[in-house]
Amino acid sequence: MYQLSKDQVIYAMDPTNPPALTVAPNSRIEFETCDALSGQITSETDQFDALDWNRINPATGPVYVNGAEPGDILSVKIEQIEIADVGITITGKNMGVLGHLFEDTFIKVLPIQQDEAIFSEHIRLPLNKMIGVMGTAPKDTAISCGVPDLHGGNMDCKEIREGATILLPVNVPGGLLALGDLHAVMADGEICVSGLEVAGTVTVTVDVIKGKTLPLPMILTDTHVMALASHEDLDVAVDTAVANMAAYLCEEHGFSKSEAAMLLSLAGDVRICQVVDPKKTIRVELCRRYIA
Ligand code: CA
């Protein structure tokens, strides 16, 4: 198995990034990841104002996959997510949906014990370990790791979890896959800008799919197929994710447009991934039994 350390990070998905690792298709890779603040906050008394903003949203990588050519699809199967035993969450002035309520910044450090995060004496949250940032290099521009778009990036989608396969576009030779920003716990919306941010280790199997056109990014789980879209305007993100899923049903499964629309109206859940990043992310989930 290949390994990448958390020292090999990027802060933008960039076609000019040199590969940190080169692998063959169908390789297993272990990515060690920093938390979204590069570990700069470790206690509730740390000074948020002292943060080095050049070290926010690191992603480990990038990985060059031999044989991956523009137009191919990178398939990333998440085998395992291991996390540290403590996570942090932050909110404050102008941060997220409720940022107007605050004048200060608030940091909460949550111990993680026995598959639960300890929020308070009476509130223990079951873990839903997920990967906030996963993407490939865009074709001819750099995109900050804090921004989600067609290449993936900071989608902050809680379905990017163990067992899921993420399908991403290959825009440049090798694809240049990078990932990071693990969350131990996060709800749809991520309303205060942070999940339970945590360092950890992710094991994936990366493969290349050739000769196929899909509306990317997509997620495949044992039970569902999902189309994702990100945009500054949540309405546009909804429309795009729905249109992507409809196109997938028509092109891959032979539905007419009207049948696809009606099936999605009856069985396609439109869900919010996050509403706090520079672009907001929507996913449409459809149970695989309808297209098996
Ligand atoms: Ca994030």
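What counts as what
- Residues numbered from 1 in each chain as written.
- Predicted model: local features only at pLDDT ≥ 70, side-chain atom pairs only at ≥ 80, totals over all residues.
- Heavy atoms only, no water.
- Helix = DSSP H or I, 4+ residues; strand = E, 2+ residues; numbered from the N terminus.
- Contact = heavy atoms within 4.5 Å.
- Buried < 20%, exposed > 50% of the residue type's maximum accessible area, 1.4 Å probe, protein only.
- Arc of directions from axis to C-beta.
- Salt bridge = Lys/Arg side-chain N within 4 Å of Asp/Glu carboxyl O.
- Donors = N, O, S within 2.8 Å, 3.2 Å for Na, K, Ca; no water.
- 1 Å grid on protein atoms, 1.4 Å probe; cavity = no way out; pocket = protein on both sides within 12 Å on 5 of 7 lines; lining within 4 Å.
- Points joined across faces, edges and corners; volume = space filled by probe spheres on them.
- Nonpolar A, V, L, I, M, F, W, Y, C, P; charged D, E, K, R; others polar.
- Polar contact = N/O pair within 3.5 Å; in protein donor to acceptor, adjacent residues only side chain to side chain.
- Axes fitted to C-alpha atoms, helices over the stretch in contact; angles between N-to-C directions.
- Parallel < 35°, antiparallel > 145°, perpendicular 65-115°, else oblique.
- Left-handed = near helix turned anticlockwise from the far one by under 90°.

1. As for the environment of L249
Structurally, the position occupied by L249 is in helix 1 (residues 234-253). Between the alpha carbons of L249 and Y11 there is a distance of 35 Å; along the sequence they are 238 residues apart. Dropping the residues within four chain positions of it, L249 is found in contact with G254, F255, A260, L263, L264, L286 and I291.

2. Side note on helix 2 (residues 257-267)
Every buried residue belonging to helix 2 is among A260, L263, L264 and A267, and all of these are buried. Down the axis of helix 2, the buried set is contained in an arc of 100°. They therefore lie on one face. Exposed side of helix 2, more than 90 degrees from the buried face: S265 and L266 are the residues found there. The secondary structure elements touched by the buried residues of helix 2 are helix 1, strand 22 (269-274) and strand 23 (280-287).

3. Quick look at the pattern of salt bridges
The full count for this structure, using the stated rule, is twelve salt bridges. Between K158 and D188 there is a salt bridge, with its nearest N and O atoms 3.8 Å apart. Taken together, the residues span a long stretch of sequence, with K158 in the loop between strand 15 (152-154) and strand 16 (165-169) and D188 in the loop between strand 17 (175-183) and strand 18 (197-198) at a distance of 30 residues. K158 gets classed as partly exposed once you look at its relative accessible area, which sits at 24%. With a relative accessible area of 29%, D188 lands in the partly exposed category. When the shortest N-O distance is used, the salt bridge between R283 and E285 registers 2.6 Å. Each member of the pair, R283 together with E285, is buried.

4. Some words on the coordination of the calcium ion
Coordination of the calcium ion by the protein is provided by N154 (OD1), D156 (OD), D156 (OD) and D181 (OD), with metal-donor distances spanning 2.2 to 2.5 Å. Mapping the donors of the calcium ion onto the primary sequence yields the spacing N-x1-D-x24-D. With a gap of 25 residues between them, D156 in the loop between strand 15 and strand 16 and D181 in strand 17 connect regions that are remote in the sequence. One exposure class covers both D156 and D181, and it is buried.

5. Details of unusual backbone geometry
Across the junction of G61 and P62, the peptide omega takes the value 5°, indicating a cis bond. Along the polypeptide, P62 turns up in strand 6 (residues 59-65). Residue P217 follows L216 across a cis peptide bond; omega there is 0°. Within the secondary structure layout, P217 lies in the loop between strand 19 (200-209) and strand 20 (218-220). Positive phi is not limited to glycine here, since V193 has a value of about 85°. With respect to the helices and strands, V193 occurs in the loop between strand 17 and strand 18. Residue V193 is classed as partly exposed on the basis of its relative accessible area of 30%.

6. Let's talk about the layout of surface pockets
Considered as a void within the structure, the largest pocket measures approximately 440 Å³ in volume. Elements that contribute at least two residues to the lining of the largest pocket include exactly strand 8 (86-92) and strand 17. Examining the composition of the lining of the largest pocket, we find that three residues originate from one element, strand 8, more than from any other. A per-class count over the lining of the largest pocket returns twelve nonpolar, nine polar and five charged.

7. Some words on the environment of T223
Following the sequence through the fold, T223 ends up in the loop between strand 20 and strand 21 (224-231). Separated by 65 residues in the primary sequence, T223 and R288 have C-alpha atoms spaced 5.6 Å apart. Look past the residues within four positions of T223 in its chain and what remains in contact with it is L286, C287 and R288. In this structure the side chain of T223 is engaged in a polar contact, spanning 2.7 Å, whose partner is the side chain of H224.

8. Notes on the packing of helix 1 against helix 2
Taken N-terminus to C-terminus, the directions of helix 1 and helix 2 make an angle of 125°; their axes are 9 Å apart at the nearest point. The orientation of helix 1 relative to helix 2 falls into the category oblique. When the axes of helix 1 and helix 2 are compared, the crossing they make is right-handed. The segment helix 1 lies against helix 2, with V242, M245, A246, L249 and C250 engaging K257, A260, L263 and L264. Split into classes, the residues belonging to the contact of helix 1 with helix 2 amount to eight nonpolar, no polar and one charged.

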